[in-house]
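For reference, the chains in residue letters:
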Amino acid sequence: MPSNQRRGYAYKSSRTPYSRPPRAPRASKPKHGQYIDPVRFIKIANPVKAEDYTPKHKFADFNVDTRLMNSIKFKGYETPTPIQDQTIELGLEGKDVIGIANTGTGKTAAFLVPILHRLMTDRSAKALIVAPTRELAQQIEMERRTLSKGAGAYGALLIGGSSYGPQLADLRRNPNIVVGTPGRIKDHIEQRSLDLGRFNIVVLDEVDRMLDMGFVNDVKTLLSKLAPQRQSFYFSATMDNRVSGLIAGFSPDAVTVSVRQGDTSDNVHQDVVPYTDKANKLEALHTLLIDPVVTKTIVFESTQRGVERLERDLRGRGFDVAAMHGGKTQGARKRALDAFKKGDVTIMIATDVAARGIDVADISHVVNYGMPQTYEDYTHRIGRAGRAGKIGYALTFVEQG
Ligand code: AMP
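Residues numbered from 1 in each chain as written. Predicted model: local features only at pLDDT ≥ 70, side-chain atom pairs only at ≥ 80, totals over all residues. Heavy atoms only, no water.

Caption draft 1: Molecular detail of the overall build of the protein. Assigned secondary structure in the protein consists of 15 helices and 13 strands. Split into buried and exposed, the 401 residues of the protein put 52% on the buried side. In the protein, of all internal contacts separated by at least 6 residues, the share reaching a separation of at least 24 is 76%. With the model as given, the accessible surface of the protein reaches about 18,200 Å², and the carbon-plus-sulfur share is 48%. (Helix = DSSP H or I, 4+ residues; strand = E, 2+ residues; numbered from the N terminus. Buried < 20%, exposed > 50% of the residue type's maximum accessible area, 1.4 Å probe, protein only. Contact = heavy atoms within 4.5 Å. Areas by Shrake-Rupley, 256 points an atom, 1.4 Å probe, with all protein chains shown as cover.)

Right, dumping it as C-alpha cells:
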C-alpha cells in the first residue's frame, strides 16, 4: 500500500477522498486564534459547472479609444468574461459600479477598460485604484501598463516596502492614474506629495479583504479626499453588511453586478494530515512534497519565524523553495512571487498576509502546515487552489491530541 494511503490523507488524484467515512483526528487547541473543528477541514470537492454564459458583447462592440482597442487585441482578449461583459458598458456610461466577483474572473480589465478609455479621451480625468496588498497593486499596475500602451498615460505605483524616491519622482510627473495600497497612499497625502482633490475616478478592489485587514478608516479618509463629483468602482468577493455599509455611504446609487458562481472552495478537495510531533510533521510534509501529483504548492505557516524555519528545513532536505512574509523586503517578495509564477520554483512558503491577493495559476495544492487563525483565513487560503475551474487540493496539518 502506498505510504500516502497508509497515512490516510487524500491528496492523490487517483483516490477519491471520502471513499470511506473520514475519521477526523482530535486536535489540540491552537495557542492563538479561533478553535476550528478539524472536521471542517475535510470536504470532497463539488465543482460548480460554470453555467454556459453567453456574453452580450465582444470586445470589438465596445466603443473605446482605438489605442485601447489595439492593446486589448494585443493581450489576446476577444470575448469578455462575465464580469467584463456586464461591467464595462456601465462603466463607459459613467455609472458607479459594484462588482461581486472573485479574483481570477477578469475583474481588473472590467474596471481598467472604462477607466482607460476615459483617461484617453478626457484630459481632466484622474483615477485612483486602491488594493489591499502590494502584490495585487503590482498586478493591477502591470495590466494597466499593457492596456494603456501608446496612450501617453502616466502612472504611479504607491506601495509599502518600496523606497519613496521613485514614487516621488513618478508623482512629480503628475500621473493621471495612481495604483496603490491604503497605507502608502495615505503617507503620500500626509507628506503632501499627493493631492487627491482632482481625482474623479476611484476603484476599491477587494473591499472585503481591505476591511478584513483593518483598512476601514484609511479607506474612508482616502475617499473623503477625492473630488466630490466622481465615478466609483467597488469590487468584492463577498457582499456583507460592512461592505455594503461602506459603499452606501459614498455611492448610494451604484449598480450591482454579481457573477459569483459558488465558492472557489467548491473546487477544492479538502483533507487533513495528522501528525504527532514536530519531526513527524516535517517528515509528513516531505513525503507529500515529493509526490508527483503535487505539482505546485503553497505551504502556509503561521508566523514569519515559522516561514523562515521551514524554508531552512526544506532547503536542508534539498527542496528548492521560495518564501514570502511581511518582514521580507518588497524586492525579495516580488522575486519569490515571480519565480513561483513562472514555475522556476514550485513550492512557496508564506504567511497569510504575504499570500493575500496572489493570483498564481495552476496551484495544485494548498498545505496548511501552520493552522489558520480563523475559518475565514482558511477559506481564503484554500481559494489559492482550484482556480479557473480546475480541481485543487487543500491539506491541513492537524496535531493528534
Ligand atoms: P483578473 O481576475 O483580472 O486578475 O484576471 C485573471 C486572468 O484572466 C488574468 O491573467 C487576465 O490576463 C486574464 N483575462 C482577463 N480578461 C480576459 C479575457 N477577456 N479573455 C482572456 N483572458 C482574460
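Caption draft 2: Looking closely at the site of the ligand. Taken together, 13 residues lie near the ligand, and Y77, Q84, G104, G106 and T108 sit nearest. K107 is positioned such that a nitrogen or oxygen atom in its backbone is 3.3 Å from an oxygen atom of the ligand. Here an oxygen atom of the ligand and a side-chain polar atom of T108 are 2.6 Å apart. Calculation on the ligand without its partners gives an accessible area of 490 Å², and the protein chains cover 70% of this total. (Near = heavy atom within 4 Å. Polar contact = N/O pair within 3.5 Å; in protein donor to acceptor, adjacent residues only side chain to side chain.)

Caption draft 3: Expanded view of the pairing of strand β6 (residues 231-236). Across the six residues of β6, six count as buried, placing the element largely inside the fold. Of the two faces of β6, the one lined by Q231, F233 and F235 and the one lined by S232, Y234 and S236 are each fully buried. The sheet contact formed by strand β1 (residues 97-100) and β6 spans four bridges and is parallel. Looking at the pairing, I98 lines up with Y234 of β6. (Pairing = 2+ DSSP bridges.)

Caption draft 4: Summary view of the pattern of salt bridges. Applying the stated criterion to the full structure yields 20 salt bridges. For E93, the salt bridge goes to K95, with nearest N and O atoms at 2.8 Å. The partner of R242 in a salt bridge is D240, and the shortest N-O contact between them spans 3.1 Å. Residue classification places R242 among the partly exposed positions, given a relative accessible area of 37%. For D240, a relative accessible area of 28% puts it in the partly exposed group. Each of R209, D212, D240 and R242 takes part in one network of salt bridges that share partners. (Salt bridge = Lys/Arg side-chain N within 4 Å of Asp/Glu carboxyl O.)

Caption draft 5: Structural context of the packing of helix α4 (residues 107-121) against helix α5 (residues 134-147). One can describe the packing of α4 onto α5 by two numbers: an axis separation of 10 Å at closest approach and a directional angle of 45°. It follows from the interaxial angle that α4 and α5 lie oblique. Two packed elements cross with a definite hand, and for α4 against α5 that hand is right-handed. Counting all contacts with α4, which are made through T108, A109, F111, L112, L116 and M120, the residues of α5 involved are I140, E143, R144 and L147. For the contact of α4 with α5, the per-class residue count stands at seven nonpolar, one polar and two charged. (Axes fitted to C-alpha atoms, helices over the stretch in contact; angles between N-to-C directions. Parallel < 35°, antiparallel > 145°, perpendicular 65-115°, else oblique. Left-handed = near helix turned anticlockwise from the far one by under 90°. Nonpolar A, V, L, I, M, F, W, Y, C, P; charged D, E, K, R; others polar.)

Caption draft 6: Spotlight on the sheet that holds strand β12 (residues 365-368). Reading across the sheet, the six strands line up as β8-β13-β12-β9-β11-β10 and stay open at both edges, with parallel pairing between neighbours. With partners counted over all chains shown, the strands left at the sheet margins are β8 (268-275) and β10 (321-324), one partner each. Strand-to-strand twist in this sheet, taken as the mean axis angle between neighbours without regard to direction, amounts to 20°. Pairing of strand β9 (residues 297-300) with β12, which is carried by four bridges, proceeds in the parallel orientation. By the bridge assignment for β12, F300 is matched with N368. Together, β9, β10 and β11 (347-350) form the strand contacts of helix α12 (residues 304-316), whose direction differs from that of β10 by roughly 175°.

Caption draft 7: Main features of helix α11 (residues 278-289). Taking 1.5 Å per residue, twelve residues should reach 16 Å; α11 reaches 17 Å between its end C-alpha atoms and fits that length. A side-chain oxygen of the first residue of α11 lies 3.2 Å from the backbone nitrogen of A279; this N-cap is D277. (Expected span 1.5 Å × (residues − 1).)

Caption draft 8: Summary view of unusual backbone geometry. In this structure, N174 is a non-glycine residue whose phi angle is positive, near 55°. Of note, N174 is situated in the loop between α6 (164-172) and β4 (177-180). Among the residues examined, N174 registers a relative accessible area of 45% and is labelled partly exposed. One non-glycine residue, E206, lies in positive phi territory at about 50°.

Caption draft 9: Structural detail: the packing of α11 against α12. Viewed as axis vectors pointing N to C, α11 and α12 meet at an angle of 60°, and their least axial separation amounts to 12 Å. In terms of axis orientation, α11 runs oblique to α12. Helix-helix and strand crossings are classified by hand; for α11 and α12 the assignment is right-handed. On α12, the residues that touch L282, L285 and L289 of α11 are L310, D313 and L314. Looking at the contact of α11 with α12 residue by residue, the classes come out as five nonpolar, no polar and one charged.

Caption draft 10: Representation of the packing of aromatic side chains. Overall, the coordinates contain seven aromatic pairs when judged by the stated rule. Ring geometry for F59 against F62: centres 5.9 Å apart, planes inclined by 70°, an arrangement best described as edge-to-face. Assigned by exposure class, F59 and F62 land together as buried. Here the aromatic residues F41, Y375 and Y378 are joined through ring pairs into a cluster of three or more. In this arrangement the basic side chain of R40 is found over the ring face of Y375, its NZ or CZ atom lying 3.7 Å from the centre. Geometry around Y369 places K281 over its ring, the cationic atom sitting 4.3 Å from the centre. (Phe/Tyr/Trp six-rings, centres within 6.5 Å; stacked < 30°, edge-to-face > 60°. Lys NZ or Arg CZ within 6 Å of the ring centre and 35° of its normal.)

Caption draft 11: Examining the side chain of H325 more closely. With respect to the helices and strands, H325 occurs in the loop between β10 and α13 (330-342). At a separation of 2.9 Å, a polar atom in the side chain of H325 contacts the side chain of E308. What H325 contacts, discounting residues up to four positions off in sequence, is Q304, V307, E308, R333, T351 and A354.

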